[in-house]
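Remarks on the overall topology
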Amino acid sequence: MRKTLWDYVYTAILVLIYVFLMSPILLVVLMSFSGGEFLALPMEGVSLRWFETLFANSRFYDAAAHSFRLALVSALVNGVIGTLAAIYVAHFASPRLANPLRVLMVGPLLVPEILTAIALLFFFFEIGIGNQYSVAIQVGHIVVTFPYVFLNVASALFNFDRSQEEAARSLGAGRWLTFRRITLPAIKPGLITGCLFAFVISFDIFNISLLLKSVGNNTLPLELFDYLRFNFDPTAAAVATVSIFITFVAVLIVDRTVGLRSLRF
Amino acid sequence: MTTLRLDRINKFYGAVQVLRNIDLDIAQGEFVSLLGPSGCGKTTTLRCIAGFETVDQGTIFFGSRDMTRAMPEHRDLGMVFQSYALFPHMTVTENLSFGLEVRKIAAADRARRIAAVLEMVRLTGFEKRFPRELSGGQQQRVALARALVIEPSVLLLDEPLANLDASLRDDMRFFIRDLQRRVGITTIYVTHDQSEAMVMSDRIVVMNRGVIEQCGPPREIYERPASQMVAGFIGQSNTVPGRVAGRENDTYLVETAEGPIRSLGPDGLSGEVRVMIRPENITTDPGGGTAVPAANMLAGRVVKSVYQGDGCILGIESAGGTAFTTNVRADSPLGAGAAVIIGFDARQAWAIPA
């Protein structure tokens, strides 16, 4: 097909959008290799010294581990309850109930995060758990990342031909076996994307963590914020770089093992 | 021997009654079609038999066992869906293997049975393919094979040919019919295509608005329809309204706007009726009427003639104002406007209660 002027214009617009989205990230990565004392441009030489400072700082370690645990639990728990909720809304709820329920389920996306955080804060102090044992913060992360799993699984279910389930039943499989062998493989791509989203978002959440964290247990974004309040050296950029690297590796692993390319958007 | 019996099945969706007193006995090895327009309840009936819909009143027997409330997986049925419903993440072999694995059949046995069934549906060599790598006709045969490989007591087919193109559909009719005869499996086939039902079935159940209008062999359904609806739904028909005026042996005399018409009909017919004549049973004569059966002879005029390749369709308006349709040879001299005498035998006319 011959390229028209518009093809070039579209390409140019696309490139600009990517530059706009990617340049801050690239800049941060770049600055983490800075040899200077401050987070500033132009860079004064190249070094790995800020990574050294970072890895010598056990507070970042602990915060990263805490964030990782929160994100992992959020992804796993939502994988189960998000799927159950999506199945109910897509397959069992009456048509009159299905739409209001769908809106309700994505509620955490619609309500400002800080409101959810305040509500949960009141709730957990009222029932006497308060901010002990990271229960509140974990629940907060689960609540806020729940819609990602729900939406992805629900959309997979809406594209799923349910006569496959009936075929399995007629072939002698009970409900559970039918779910495990037929429905689950069909929604797997949606489920994995949803969990991946939940993980990445949870890793990144700030407001919820700030209000609900238990004493002394910072998440990585909180730790970074604390650090930046008193220091303005490229260690922060190094933290960001490592964090981007971890996310990137996670996406890569998922892509290689189950294949994001099989997902149809 | 009866394999399947529906006893006064009633089903409601809310306040709407979708099945009304459905009674049906299906014998071992029989091929029964459920035929009717969309929304007539044929698919609902099939889904009740399969256990995907619950029955509000009535009983479903498999042999002598009451299976009305049994789960689908306990009914020992093979089902083919309109969408085929193949498992997209499994190969042909895995699709076929599923039902056997669920039944805990040993691996060697499974392989043997899968190979045998694949040969039967002429798909040997396609074992490793995924459904998306097959044509519509091949997917259809995989669906059939998957239902048959578990050797069910009854095979249920829900409009399995609806998604195929016309020429393939014709082939598949005979293919399914042959296969069914060879395997000897009791089969229930849902379709809205009357010619499909006609060529495949031992018995056709014509349904309309949740009731069974008529149930019988194809010939009976076509030649002796029990109601207007059946006559109209199956094939082409001409009808003349009238009143029963008398009976000579097995022939009714029906008084109509066209004069008296002699016709066969069910016993005990009286009052208002409609006489039905199939287009192919009408003889036309442009001359003095010597070439048409003497029992019923009407004068008329050709109002249209449509060339169809293998013949012409003639639209004729009779002296009494009734519209008739019939087929003539393509080289017939009858064109629009021509005067014509039409005739049909009393044995080829059928009176239906109006």
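Each remark here, short or long, concerns the structure printed above.
Note that the structure is a prediction, hence the values are computed from the model and not measured. (Residues numbered from 1 in each chain as written. Chains lettered and ligands numbered in written order. Predicted model: local features only at pLDDT ≥ 70, side-chain atom pairs only at ≥ 80, totals over all residues. Heavy atoms only, no water.)

1. Looking at the environment of aspartate 193 of chain B
Residues and elements named next belong to chain B.
- Tracing the backbone through its elements, the reader meets aspartate 193 in the loop between strand S8 (186-191) and helix H6 (194-200).
- Considered as a pair, aspartate 193 and alanine 162 are 31 residues apart in the sequence and their alpha carbons are 8.9 Å apart.
- Apart from the residues within four sequence positions on either side, aspartate 193 is in contact with Leu35 and Arg173. (Helix = DSSP H or I, 4+ residues; strand = E, 2+ residues; numbered from the N terminus. Contact = heavy atoms within 4.5 Å.)

2. Quick notes on the nonpolar core
- Phe98, Leu156 and Ile188 of chain B are the most contacted members of the largest nonpolar core, which has 74 residues in total.
- In terms of residue count, helix H4 (residues 136-148) of chain B provides more of this core than any other element does, six residues in total.
- Beyond its immediate stretch of four places on either side in the chain, isoleucine 188 of chain B contacts Leu4, Ile26, Val32, Leu34, Leu46, Ile49, Val154, Leu155, Leu156 and Leu157 of chain B.
- In this structure, Ala75, Leu191, Phe203 and Tyr227 of chain A belong to the second largest nonpolar core, which totals 34 residues. (Core = buried A, V, L, I, M, F, W, Y, C linked by side-chain atoms within 4.5 Å. Buried < 20%, exposed > 50% of the residue type's maximum accessible area, 1.4 Å probe, protein only.)

3. Structural notes on the interface of chain A and chain B
- At the junction of the two partners, chain A supplies 17 residues and chain B supplies 22 residues.
- Between chain A and chain B, the buried area comes to about 1700 Å², and carbon and sulfur atoms account for 61% of it.
- For glutamate 166 of chain A, the salt bridge identified is with arginine 47 of chain B, shortest N-O distance 2.7 Å.
- Our count for the chain A to chain B interface comes out at seven residue pairs in polar contact (both at pLDDT 80 or more). (Buried area = accessible area lost by both parts, 1.4 Å probe. Salt bridge = Lys/Arg side-chain N within 4 Å of Asp/Glu carboxyl O. Polar contact = N/O pair within 3.5 Å; in protein donor to acceptor, adjacent residues only side chain to side chain.)

4. Side note on empty space enclosed by the protein
Residue and element names in this part refer to chain B.
- In this structure the tally under the stated criterion is one cavity of 30 Å³ or more.
- For the largest cavity, the calculated volume is near 60 Å³.
- Around the largest cavity, the lining residues are Phe31, Leu144, Leu148, Leu155, Leu157, Ile176, Leu179, Gln180, Val183, Ile185 and Thr187.
- Counting only elements with at least two residues in the lining of the largest cavity, the list comes to H4, strand S7 (154-158) and helix H5 (166-183).
- If one sorts the elements of the lining of the largest cavity by residue count, H5 sits on top with four residues.
- Here the residues of the lining of the largest cavity sort into nine nonpolar, two polar and no charged. (1 Å grid on protein atoms, 1.4 Å probe; cavity = no way out; pocket = protein on both sides within 12 Å on 5 of 7 lines; lining within 4 Å. Points joined across faces, edges and corners; volume = space filled by probe spheres on them. Nonpolar A, V, L, I, M, F, W, Y, C, P; charged D, E, K, R; others polar.)

5. Some thoughts on helix H6 (residues 113-126) of chain A
Residues and elements named next belong to chain A.
- In this model H6 runs 20 Å from its N-terminal to its C-terminal C-alpha over 14 residues, within 8% of the 20 Å that 1.5 Å per residue would give.
- Of the positions making up H6, those classed as buried are Thr116, Ala117, Leu120 and Phe124. The arc that holds the buried residues of H6, viewed along the axis, is 100°, so those residues lie on one side. Those residues of H6 that are exposed and angled more than 90 degrees off the buried face are Phe122 and Glu126.
- Positioned one or two residues after H6, glycine 128 has a phi angle of 85°, which is positive. (Expected span 1.5 Å × (residues − 1). Arc of directions from axis to C-beta.)

6. Here's the deal with the packing of helix H2 (residues 49-56) of chain A against helix H12 (residues 235-257) of chain A
Residues and elements named next belong to chain A.
- Running from N to C, H2 and H12 cross one another at 80°; their axes reach a closest spacing of 8 Å. In terms of orientation, H2 lies roughly perpendicular with respect to H12. On the side of H2, the interface is formed by Trp50, Phe51, Thr53, Leu54 and Phe55, while H12 contributes Thr235, Ala238, Val239, Thr241 and Val242.
- In terms of residue class, the contact of H2 with H12 is built from seven nonpolar, three polar and no charged. (Axes fitted to C-alpha atoms, helices over the stretch in contact; angles between N-to-C directions. Parallel < 35°, antiparallel > 145°, perpendicular 65-115°, else oblique.)

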